[in-house]
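An overview of the molecular structure
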Amino acid sequence: MKVLILGIDGYIGWSLALRLISRGHDVYGLDNFITRRRVREVGSDSLLPLLSFSKRVERVKDTYGKGIEFTRGDASDPKVIYDVIKRYKPDAIVHLAEQRSAPYSMIDLKHALSTMHGNIQSTMSLLYAVKDIKPDAHIVKLGTMGEYGTPNIDIPEGFFEVEYHGRRDYLPFPKFAGSWYHWTKVHDSNNLMFANKLWKTRITDVMQGVVYGTRTREITETGAYTRFDIDEVWGTALNRFCAQAIAKMPVTPYGKGGQTRGFLSLEDSIQCLTIGIENPPENGEYRVFNQFYEHYSVLDLANKVSKIYRKLYGGDVTIEHVPNPRVEMEEHYYNPEHKKLFELGYRTVRTLEDELSIILSDINRHRRRLDRLRHVIMPKTSWRKSSGLDMLKARR
Ligand code: USQ
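Residues numbered from 1 in each chain as written. Predicted model: local features only at pLDDT ≥ 70, side-chain atom pairs only at ≥ 80, totals over all residues. Heavy atoms only, no water.

**A short note on the overall build of the protein chain**
- For the protein chain, the helix and strand inventory stands at 14 helices and 12 strands.
- A compact globule built from 396 residues should have a C-alpha radius of gyration of about 21 Å, and the protein chain, at 20 Å, falls within 12% of that.
- Its C-alpha atoms give the protein chain principal-axis dimensions of about 65 × 55 × 55 Å.
- For the protein chain, the residues scored as buried account for 55% of the 396 residues in total.
- Long-range pairs, those at least 24 residues apart, make up 82% of the contacts in the protein chain with a sequence separation of at least 6.
- When the accessible surface of the protein chain is split by element, carbon and sulfur atoms take 52% of a total near 17300 Å². (Helix = DSSP H or I, 4+ residues; strand = E, 2+ residues; numbered from the N terminus. Rg over C-alpha atoms; globule rule 2.2 N^0.38 Å. Buried < 20%, exposed > 50% of the residue type's maximum accessible area, 1.4 Å probe, protein only. Contact = heavy atoms within 4.5 Å. Areas by Shrake-Rupley, 256 points an atom, 1.4 Å probe, with all protein chains shown as cover.)

**Points about the site of the ligand**
- If you check the shell around the ligand, you find 22 residues, and the closest are Arg 100, Thr 144, Tyr 181, Ala 237 and Glu 328.
- Note that an oxygen atom of the ligand is positioned 2.6 Å from one of the side-chain N or O atoms of Thr 144.
- At 3.0 Å, a side-chain N or O of His 182 approaches an oxygen atom of the ligand.
- For the ligand, whose unbound accessible area comes to 730 Å², protein coverage reaches 94%.
- Counting only elements with at least two residues in the shell around the ligand, the list comes to α7 (180-199) and α8 (237-246).
- Ranked by the residues each element gives to the shell around the ligand, the list is headed by α8, at 3 residues. (Near = heavy atom within 4 Å. Polar contact = N/O pair within 3.5 Å; in protein donor to acceptor, adjacent residues only side chain to side chain.)

**Considering helix α2 (residues 34-41)**
- Among the residues making up α2, those that are buried are Arg 36, Arg 38 and Val 39.
- Residues of α2 that are buried sit in contact with α3 (53-64), α5 (102-105) and α6 (109-133).

**Points about the pattern of salt bridges**
- Counted according to the given criterion, the structure contains 27 salt bridges.
- Here Lys 131 and Asp 132 are joined by a salt bridge, their closest N and O atoms 3.7 Å apart.
- Among the salt bridges present, the one from Asp 362 reaches Arg 365, with a minimum N-O distance of 2.7 Å. Taken together, the residues span about one helical turn, with Asp 362 and Arg 365 both in helix α12 (residues 352-365) at a distance of 3 residues.
- Look at Arg 365 and you get exposed, because its relative accessible area is 52%. (Salt bridge = Lys/Arg side-chain N within 4 Å of Asp/Glu carboxyl O.)

**With respect to helix α10 (residues 298-313)**
- Under the 1.5 Å per step criterion, the end-to-end length of α10 is 22 Å for 16 residues, consistent within 8% with the ideal 22 Å.
- Taken together, the buried residues of α10 touch α8, β10 (260-265), β12 (294-297) and α12.
- The first or second residue beyond α10 is Gly 314, which carries a positive phi of 80 degrees. (Expected span 1.5 Å × (residues − 1).)

**With respect to the packing of α10 against α12**
- Taken N-terminus to C-terminus, the directions of α10 and α12 make an angle of 65 degrees; their axes are 10 Å apart at the nearest point. In this structure, the crossing between α10 and α12 has a hand that is right-handed. Across the interface between the two elements, Leu 301, Lys 304, Val 305, Lys 307, Ile 308, Tyr 309, Leu 312 and Tyr 313 from α10 touch Leu 352, Glu 353, Leu 356, Ser 357, Leu 360, Ser 361 and Asn 364 from α12.
- Partitioning the contact of α10 with α12 into residue classes produces 9 nonpolar, 3 polar and 3 charged. (Axes fitted to C-alpha atoms, helices over the stretch in contact; angles between N-to-C directions. Left-handed = near helix turned anticlockwise from the far one by under 90°. Nonpolar A, V, L, I, M, F, W, Y, C, P; charged D, E, K, R; others polar.)

**Quick word on the nonpolar core**
- Ile 5, Ile 12, Leu 16, Ile 68, Ile 363 and Leu 370 are the most contacted members of the largest nonpolar core, which totals 64 residues.
- At 8 residues, the largest contribution of residues to this core is made by helix α1 (residues 11-22).
- Once residues within four sequence positions are removed from consideration, Leu 16 is found in contact with Ile 5, Val 94, Leu 96, Ile 270, Leu 273, Thr 274 and Ile 277.
- Core analysis: the second largest hydrophobic core is formed by 30 residues, Ile 85, Tyr 88, Tyr 286 and Val 288 among them. (Core = buried A, V, L, I, M, F, W, Y, C linked by side-chain atoms within 4.5 Å.)

This is how it looks when you write it as C-alpha cells:
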C-alpha cells in the first residue's frame, strides 16, 4: 500500500514509518520540522538524541533496503498538500501534522491562534485535496480522547443512541474539550464528518489517549530513536513522571491527581494505527476509534512509576501534588468504550510495568542530557493566566 504520513518526523510519525516499511508498504512523508523548532522555543529538546531526517532515511535504507520519499513543507499550506497528493497518489494518508501540545496552545493568544489556524487549516486542506485529486484515498486522522472531556456518563466510540422528549436518534456524542489544542481536534472531527457527508470521503477519526514509551519493535538501537519529550509543554504525564524519577525530582500529579485518562504505549499506538490503515473503512464510511488500552488516574501512574523505580534502583520517589496549572476536574467518572480496535485484532504487547522498566532504563542511559533539561520539567504554563496582552504590546 502507498501510505503518506503528514508529520513523519514526529514521535508517532517516525515510529509509524518504521513499522509500515518493515511490513512492506511504500512510505512517503511530509514534515517542516516545526516540532523540533517549537520544542527549542520553550528551551527544551528531545531527551533521546535524534538524527537529522536525512540520516534517519539513510539508516532506514541500510536496514530495510528501501527508503522514504520525502517532501519538506507545511501541512497547513493548501498548495503543499495538493502537491504531495498529486505527486504520491497515496492509498492512505495519516494526518499527524498538527500542533499536539495542550500547554503550548494555552501559553497566550499568539499560541492559541497558531494552533487553531494550523490544525484546522491542515485538515481542511487535506479534505479538499483528497476530494479533488484522490477521492478514494483513506484519511486516518489523529484526534484525541480529550475531545470528549470527562462527562458523568459512559463515552461511546463517536456516536450514541439518544432519546429526548420521547424521540430517538443516533448522533455524534457531545464534545467538551479541556484546552484550545483539544478543541481544534473537536473542530477537525466536525469538519471530517461534514466532508464525509458531502463527498463520501473515507475517514478513520482516531480518538487517541495519552501515549507513553520510548521503544517499538523497530526501535531497538539509539540510531532508530523517535523523539521523547519530558518538559512541561511537550512531555506527557507518564513520560514526564519517569524522567522526574530518574532526575531525582518530585513526580508531579497536578492537584488531587484523580484526573483519569486513557493511556497506551507507543508500541500499541503504532499497532493500532497500522490496523486502521490495513483495514480501511468501507467506501463512503466515517468511523471513529477510541484508541487506548486502559484508563488510569495520574496518581495511579505516579505510584506505579515509584514502585518500578524502587524495584530497579532501590531508592524512593517523592510524589508531590503541585497546584494544578490547568482548569480540569481532579476527581470524576470516566468510562469510555473501546471495542472496535480489539475486534480488528489489537492486543497489547507489554504490560505497563515492563514498559515502565524500559522507559526508566532508556532515560537513565541519557542522564547527562536529562541534567541539561532539569529547568524545563516543572509546570509553569497556566490555563488561567493565558492572555493576549503581550501579543498586542508586541504589535505596537
Ligand atoms: N498531568 C499531571 N502532571 C504532569 C503532567 C500532566 O498531573 O506532570 C495531568 C494533566 O493535568 C492531565 C493529564 O495528566 O490531566 C494528561 O496530561 P498530559 O500532559 O499527559 O496530556 P494532554 O495534555 O491531555 O495531551 C496529551 C498529548 C495530546 C493528546 C492527549 C490525549 O500531548 O497530543 O491528544 O494527550 S488525551 O489526554 O486523551 O486527550
